[in-house]
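Chain residues, written in single-letter form:
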Amino acid sequence: MAGWKAPPSWATEDQPEPDVSSSEDEHTSASRRKARRRAATVSRAPPTQRPEPPVYWIRVYRANNEYHRLTCALTTTVSQLTVALNRKLLLPGEREDHRLYIKERGRERMLAQTERPADIVRRRLEQAGYDVADGLDMLGGEDLSFLMKFVYKSNVLGPAVREEDMIFTDFRNVDLTNKGLRTVPVVLYAHAEEIESLTLSRNPMLDIPGDFVQNCTSLRELRLSNMSIKKVPRSVESFSTLMGLDLSSNRIADIGDVGLWRLPDLRELRVQNNRLDKAPWYFPRLRTLRLLNISNNKFQEVPEEVCKMQGLEELDISFNMISVLPEDLCRLSRLQVLIIVGNRVSRIPEGFHQLENLAVLDCRRNSIAELGAVNFLPRLEELLVGHNDVQALDLSFSKYLTKLHISHNDITQISLAPGPMGSTPTSLTYLNVSYAKLSSLDDLALAQLTSLEELILDCNKFRTIPESLGELTQLHTFSCSDNLLDSLPASIGRLQRLERLDVHNNNLAEIPSALWACSSLERINMTSNLISTIRPPPTGAAAAAAAGFASLESAMSSTTTLVADRKASTAGSLFPGRAPPPLARALQRLYLGENRLADDALPMLMMLRELRVLNLSFNDIQELPRPFFRDIVMLEELYLSGNKLARLPTEDLPRLNRLEVLYLNGNRLLTLPQELGKVINLAVLDVGSNGLRYNISNWEFDWNWNFNKNLKYLNLSGNKHLKIQTWQRRGDKEGPNSELLERLAGFEELSQLRVLGLMDVTTTLAVNIPDDTEDRRVRTSVTLVNQLQYGIADTLGNRDYLSMFDLVQPTFRDSRDEAIFAMFGRSHASPHNTHVSKFLHDNFVPTFTEQLKELDLNKGESQTDALRRTFLKLNRLTHDFLFSAFATNPSGRKMSQASHRSGALLGLSAPDPTGGVQSIGASGIVAYFRGHHLYVANVGNALAVMSRRGQAHVVSSKHEPFDRNEITRIRAAEGWVSPKGLVNDEADVSRSFGYYHLLPIVNARPDVSSLKLSELDEFLIIANNGLWDYVSYQTAVDIARSERADPMIAAQKLRDFAISYGAEGTTMIMVISLASVFAMRGMEKDDPLQDVEVFTPPRRVRKDEVGDNQTGRLDPEISPPTGQVVLAFTDIVNSTHLWDVNETAMRTAVTMHHQLLRRHVRICGGYEVKTEGDAFMVAFTTVTSALLWCISVQIHLLDEPWPKEILDLPEGRAIHDENGTLIARGLSLRMGLHVGWPVCEADFVSRRMDYYGPMVNRASRVSNIATGGQILLSADAVHELELEMALPSPLVDPQAVDALRAFELSFHSIGERKLKGLEIPEVMTAVYPQQLLGRLHYVAAEPAPLTPPPHDSDDPDALFPLDSPSPPFVGDDECSWTPDQVRELAQLAVRLQALAGGRRFQPLPARKGSRAQVTLPPDASTAGGHVLYADPAALLPALSERASEAEALGVLEVLALQLELAADALAARLEPGAGAISDALRARGGRPLGAAALQQILELLSS
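Residues numbered from 1 in each chain as written. Predicted model: local features only at pLDDT ≥ 70, side-chain atom pairs only at ≥ 80, totals over all residues. Heavy atoms only, no water.

**Student:** Teacher, can you tell me more about the overall build of the protein here?
**Tutor:** Of the regular secondary structure elements, the protein holds 32 helices and 61 strands. Counting only residues that meet the buried cut, the protein has 55% of its 1503 residues in that class. Contacts spanning at least 24 positions in sequence make up 61% of the contacts within the protein whose residues lie at least 6 apart. As displayed, the protein offers around 63800 Å² of accessible surface, 50% of which is attributable to carbon and sulfur atoms. (Helix = DSSP H or I, 4+ residues; strand = E, 2+ residues; numbered from the N terminus. Buried < 20%, exposed > 50% of the residue type's maximum accessible area, 1.4 Å probe, protein only. Contact = heavy atoms within 4.5 Å. Areas by Shrake-Rupley, 256 points an atom, 1.4 Å probe, with all protein chains shown as cover.)

Given below as structure tokens:
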């Protein structure tokens, strides 16, 4: 055998022997990783040499917490590693009993001999958010106990919890979760017969002995979740009495090898969050099984075996990859609950009606478009269909249906149809159709829902609510916020059980008198409306209520007008001799912020004696009536921010002994009354952004904060004339009040103070200012950071402790070009969360500085990498900080301490339901400014939104568990998402600091955005979910933009709005102004304490403004342009057809269209002249503003959430260019611009400016020529645009010019076009931004007709004559030649023939009587033969209105011949000079004429 040679297939690759080194200092380990990361790029190995496998460092601990560092390859197995560990670490007698264990997520298990430790480390680091560039090969050698931990210890060691420490008080229900068990405790053997429920979860090494199984004769429920098992223990099938089995959150890929069919009484089987992709063959044999949960697995279809389980009553298949529900599923006739959340199902099977016992169907977050099959479920009680594609809702469900949740769909219509059993869902008690696209409700359909108790219609397009609302006598909650309501139905007074009414963010102009009759109404939210009037109660309202409101209308008609008297002493004096209305005895919470209430509306509120919360922020209140507080002494919270108050009534302030919250920020207060100190329970006081001045010597008359000992929140920020300084004794004299004055100058007596705001407040000596700690946040900085002005506002909410911390670092790294703004924490958090938030606040800057220094620019690393590494390292450092209290040092080694304290965490099991240390977590967001670059990094639900010329741009990512990308990542890390939207049914975010028991499922890897700032960027809003859960991104930008001159007031306003909209937890908001980033240094604002107007009051609305609340937040409408005016006309293409095809969808779409156009009219500085149907006429002062408006509208039309019915039509389908860029979607608009000098006159009816004359007619005709998605400019508009773009002018907005340049405009001439009804043609130019340049080729493929298409009407000029102030708008339907068009062409031919003969037509003089003869003018004889006194219309060919197509074509051929002959004759008469002029003009192709060209024309004419 000496010459024998092994074949090549036997070749093996030698594995490097693991290298084991002893413990070393952590600094050395970190230094190695840094050096490895900084090393130069390794040269490639020669092609003939195989590259060496990468070597990874890992850390292995001993039982005594000493650790050792090893290097090994990714392919090194445990068996290979054990040889090296035994040889170098153990004595010969110890080697047989030692094994390698891994601890992670609260579990400890023994590694199999074939597992590869280095590969485990690599996978866990990647799952935790680390990249290869972060040095994964070196990170494993550091302390990763926050993530995982290898322990090499004796196999004979006992469990983590000794049996003698286990105390059992109830042997019927035994819970041994996470005890580190390897076998069942001996003590349970004696009581095995008593055990009914046994929980063994989180014990991965546990083996269930057979003899113990035989003794468990009464066991009904067994839980084996989170065991890291890949196969079901065979002993399970021996629990013959088992009724419930939980195998969830393991690694089981197949359960077919365990005989569960041998369990005759098994009723519940939970195997969610495993790796199953098929069902076992025996499933149909489990005839007693009633509940099956196979959610969060890998099923791509519903297993056939599941469809044969005839006994199933509850089935959960959520969060798989199922796209089709099979018809066989309908065989489960006993099924009562079906949950299919988070799949890809698009339709319900036709045979669904066979599920005759189905009571609950939860199919949220799928793609279901039709619910027809669901209507035939006879016993359906709850239907959850949120986040699908449903377009129409037919209320024809089972008569047993009680709950219908169908929010976040594309519903445009709700109708009533007979149910499957001939009845309507009269038992329905809950209906949620929020976040849909409804514009109206069917009156009859609503009236049938007589059992309804909760009706949620938020975020739709409703303008009115049917009067049939009054028929819902059981209704106790009605919410219709974020709509377009301009009034409430009068029948609302019949709702005697109504407890909650939420109609915030609508267009309500008044509080109706009918509302006073609601006797149970406790909460009203009418924030963000247009309310200026509170109607008094109707006469005899109580009697009308008793009569069932049969005479409500007559009662309301007899209402007497009440004149509000500020000096009225009591509410009863307003209505002498009458009992207070029912609402006055019931209402407890009233929110009326951001309305138009003035002083005269306040006496009506004085009747509400049961009020606990009153919010009147941001109204037009200048003075409160003197007896305002006399009868509303039950108040607990009062919000008066953003008004014009200069003082408070003092007489009854001490009576408000229940008042805890008082917001007075943003008023005109110079002092606060001393009586405020007698409000003994006052805990929250915000008087920021006023004009307060400090004078502690006047303490007998003015308020001092030390008078309110219970203050927890005190904000004085923004009072730029306020000075806080210690009391200075004069000489050696000490007055009797010196000690008191010294005490009043400090804050020491406010022992419960949690937040103190002193920004922009002068504090000459800081000795009396308290320190900033974990329990108290103190802000004393100015609001100017590196020329960036910012403001911050927060609230504790319903908590007595801090849970959010803000961070502002000016001159970061000693650079005036670098600054950091950040916040850390959670809106709803336990008291333990304060430690995490504060630690992140204190350590972010040094950690980020360190990571920036370590960047290797040669490898292309950037600030984005530094931010990612900073977040990941902070998460690790926070872990070590949290568990330092558990640290001990048995070996004296430095890093052993870290290992031991992390072991305290890994030894803990599930999160503490009381909010223990393990369940804490914190969202975080950081904005890093570096010159003109902005980097934003975030984890969790703290977000940043940029305002770019009024448009909201989200520059961060919300990490919510329902996000499909996050679900994929979570499942890869062995986590799962519950139907409630929680990670592992615990965390409401998918990424966060903390949550170490869920790491790496919930990790701290941030999303990092990098953007270059431009002049269009206005400000940045940073806030936690206390804002974003209640206020949309665009609404937040609109609110802040209305106060963008003062970011502090903008932040306070956003916070107050969040409170008004329902935020109850901790809310924190930063607003950072970017206006000075590009300002010239000489114009920079250096003094944040300079004299400025304290608060900009809400602007008074002009009479000609549109009464829309959302539009009212934007910049005021410009004054009507006069003189030279730019007119823009728009029209929706094919609108007639769209209305005819789907009226309900088109109604919603047109509403969205109008809102979009009006919004950008305000942003771009336009004046809306009028609308006609779906067409707009808008006037501008400059072509740049007009063109910016047109382009902005065209681009944002692509992003509108159009109804799906519109998107399914050919006119609305999405179109992409050859590069895949979206160029068309939804409604298509044609737009045209022309500039000139129209006649300007105000309309007597509308009181708005209107425009007349030829210029207006031409502007309208320009838009008629455009096709869908096209913007056309006349030659005059192009010429004016060139001047505005080239030459600076005070009339031209430089930001508009910058915005147009950023769009990279492309101009394309379409040549000279004849305009209908106008003699002179127009040279047209189409304009496209780079983003929409693909439309040019799309339009070229379908050329526009040579003549403008007619309007929807038969005769557009009959609607808008040429002389009318309302010019003809663009039509939208292409059609063949009409008789009128043929006559127009014939008239043109007659005129050309006359011109060819050297003549022109002149109208005949009018006759002065019926029999008077027509006489020619006196100069007729001198005119020679050049004038024809005749009417061209009399010379036209006869053509009947009902002429056939052949007759029309014959006339057209004759006219074409006449036109050709006339054109030739006319050309022959032209002189050479005129011909040269004609040739020169034709050669320019419609471009505007310059001075030189005009001079040449004049010379030719003169010759």
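That shown, we press on.
**Student:** I tried to follow the packing of aromatic side chains on my own but got confused; where do I start?
**Tutor:** Given two aromatic rings, one states the distance between the centres and the angle between the planes to describe the pair. Overall, the coordinates contain 27 aromatic pairs when judged by the stated rule. Pairing Y639 with Y663 gives two aromatic rings, centres 4.9 Å apart and planes at 35°, and the pair type is tilted. Taken as a pair, Y639 in strand β29 (residues 637-639) and Y663 in strand β30 (residues 661-663) lie far apart in primary sequence, 24 residues in all. The class of Y639 is buried, set by a relative accessible area of 5%. Ring geometry for F839 against F881: centres 4.6 Å apart, planes inclined by 15°, an arrangement best described as stacked. Of the two residues, F839 sits in helix α12 (residues 833-853) while F881 sits in helix α13 (residues 863-882), which places them 42 residues apart along the sequence. On the basis of relative accessible area, F839 is assigned to the buried category, the value being 12%. Ring pairing ties together the aromatic residues F812, F824, F844, F848, F871, Y928, Y935 and F993, which thus form one cluster. The ring of W57 has R69 sitting right over it, with the charged end atom 4.0 Å from the ring centre. Sitting over the ring of Y61, K149 keeps its end group 4.7 Å from the ring centre. (Phe/Tyr/Trp six-rings, centres within 6.5 Å; stacked < 30°, edge-to-face > 60°. Lys NZ or Arg CZ within 6 Å of the ring centre and 35° of its normal.)

**Student:** Any chance you could explain the pattern of salt bridges here in plain terms?
**Tutor:** Where charged atoms from two side chains of opposite charge approach closely, those side chains can pair. In this structure the tally under the stated criterion is 68 salt bridges. A salt bridge links E126 to R122, with the nearest nitrogen and oxygen atoms 3.2 Å apart. Of this pair, E126 and R122 both sit in helix α3 (residues 117-127), separated by four residues, roughly a single helical turn. For E126, a relative accessible area of 36% corresponds to the partly exposed category. Between R876 and E142 there is a salt bridge whose closest N-O contact spans 2.7 Å. You can see R876 sitting in helix α13 and its partner E142 sitting in the loop between α4 (136-139) and β6 (149-154), a full 734 residues away along the chain. Note on accessibility: R876 and E142 belong to one class, buried. Through salt bridges with shared partners, a single ionic network connects D131, D134, E861, D865, R868, R869 and R1005. (Salt bridge = Lys/Arg side-chain N within 4 Å of Asp/Glu carboxyl O.)

**Student:** Explain the packing of helix α21 (residues 1143-1164) against helix α22 (residues 1183-1197) here, please?
**Tutor:** When two helices pack together, their arrangement is given by the angle between the helix axes and the distance between those axes. With their axes 9 Å apart at the nearest point, α21 and α22 run at an angle of 145° to one another. The hand of the α21/α22 crossing is right-handed. The segment α21 lies against α22, with L1156, L1157, H1160, V1161 and C1164 engaging S1185, L1188, W1189, S1192, V1193, H1196 and L1197. Of the residues belonging to the contact of α21 with α22, the class tally is eight nonpolar, four polar and no charged. (Axes fitted to C-alpha atoms, helices over the stretch in contact; angles between N-to-C directions. Left-handed = near helix turned anticlockwise from the far one by under 90°. Nonpolar A, V, L, I, M, F, W, Y, C, P; charged D, E, K, R; others polar.)

**Student:** What's the story with the environment of D316 in this structure? I'm lost.
**Tutor:** Checked against the element boundaries, D316 lands in strand β13 (residues 314-316). Separated by 25 residues in the primary sequence, D316 and V341 have C-alpha atoms spaced 8.4 Å apart. Discounting chain neighbours no more than four positions away, the residues touching D316 are L292, N293, I294, S295, I339 and P979.

**Student:** Looking at this model, I keep getting lost on unusual backbone geometry. Mind explaining?
**Tutor:** With glycine set apart, most residues show a phi of negative sign, and most peptide bonds adopt trans. A cis amide bond links L999 to the next residue, P1000, at an omega of 10°. Tracing the backbone shows P1000 in the loop between β45 (993-994) and β46 (1007-1012). The residue D985 is not glycine, and still its phi comes out positive at about 60°. Relative to the helices and strands, D985 resides in the loop between α15 (964-972) and β45. If you check the backbone angles, R1247 has positive phi at about 60° while not being a glycine. Counting through the fold element by element, R1247 comes out in the loop between β55 (1239-1242) and β56 (1249-1252).

**Student:** Please clarify how α3 should be interpreted in this entry.
**Tutor:** At 3.6 residues per turn, the α-helix brings residues three or four places apart onto the same side. Counting buried residues along α3, nine of its eleven residues qualify, which places the element largely inside the surrounding structure. Three or more residues of α3 are buried, namely P117, A118, D119, I120, V121, R122, R124, L125 and Q127. Just downstream of α3, G129 is the residue with a positive phi angle, here 110°.

**Student:** Where do I start with the sheet that holds strand β44 (residues 951-954) in this structure?
**Tutor:** Strand pairing in a sheet is mediated by backbone hydrogen bonds. Such pairs are either parallel or antiparallel. Spatial ordering of the open sheet is given by β37-β38-β48-β47-β43-β44, a layout of six strands whose pairing is antiparallel. Two strands bound the open sheet, and with one partner strand each, they are β37 (784-785) and β44. With two bridges joining them, β37 and strand β38 (residues 788-795) adopt antiparallel strand pairing. Counted as the bridge partner of L784 is Q789 from β38. Lying on the sheet, helix α18 (residues 1047-1061) is in contact with β38, β47 (1017-1023) and β48 (1067-1073); it crosses β38 at an angle near 25°. (Pairing = 2+ DSSP bridges.)

**Student:** How should I be thinking about the pairing of β6 in this particular structure?
**Tutor:** Within a regular beta strand, the side chains point alternately toward one face of the sheet and then the other, so they alternate between its two faces. Taking burial as the measure, the six residues of β6 include six buried ones, the bulk of the element. Strand direction decides the pairing type here: strand β2 (residues 55-61) and β6, joined by two bridges, are parallel. From the neighbouring strand, V60 faces β6, where its bridge partner is F150. With six bridges joining them, strand β4 (residues 98-104) and β6 adopt antiparallel strand pairing. Bridge pairing in β6 places I102 opposite F150.

**Student:** Would you explain the environment of S240 in this entry?
**Tutor:** Along the chain, S240 turns up in the loop between β9 (221-223) and β10 (244-246). In this structure the C-alpha to C-alpha distance between S240 and L219, which are 21 residues apart in sequence, comes to 8.5 Å. When near neighbours in sequence (up to four residues on either side) are disregarded, S240 contacts L263, P264 and D265.

**Student:** Help me out: how do you make sense of the confidence of the model for the protein in this one?
**Tutor:** Low pLDDT marks regions whose predicted coordinates should not be analysed in detail. Confidence in the prediction for the protein averages 82 pLDDT; 80% of positions are at 70 or higher. For the stretch residues 1-15, pLDDT sits under 50, and the model shows seven contacts to residues farther than four places along the chain or on other chains. In the model, residues 545-573 has pLDDT below 50 throughout and makes 46 contacts with residues more than four positions away in sequence or in other chains. (pLDDT = per-residue confidence, 0-100.)

**Student:** Which parts of the structure should I look at to understand the pairing of strand β41 (residues 921-930)?
**Tutor:** Across the ten residues of β41, nine count as buried, placing the element largely inside the fold. Note: strand β40 (residues 818-825) against β41, eight bridges, orientation antiparallel. If you follow M823 over to β41, its bridge partner there is I925. Here two bridges tie β41 to β45, and the two strands are oriented antiparallel to one another. Pairing of A922 across the sheet is with F993, part of β45. Taking the residues between adjacent antiparallel strands as the criterion, β41 and strand β42 (residues 933-939) are bridged by two residues, where G931 takes a positive phi near 65°.

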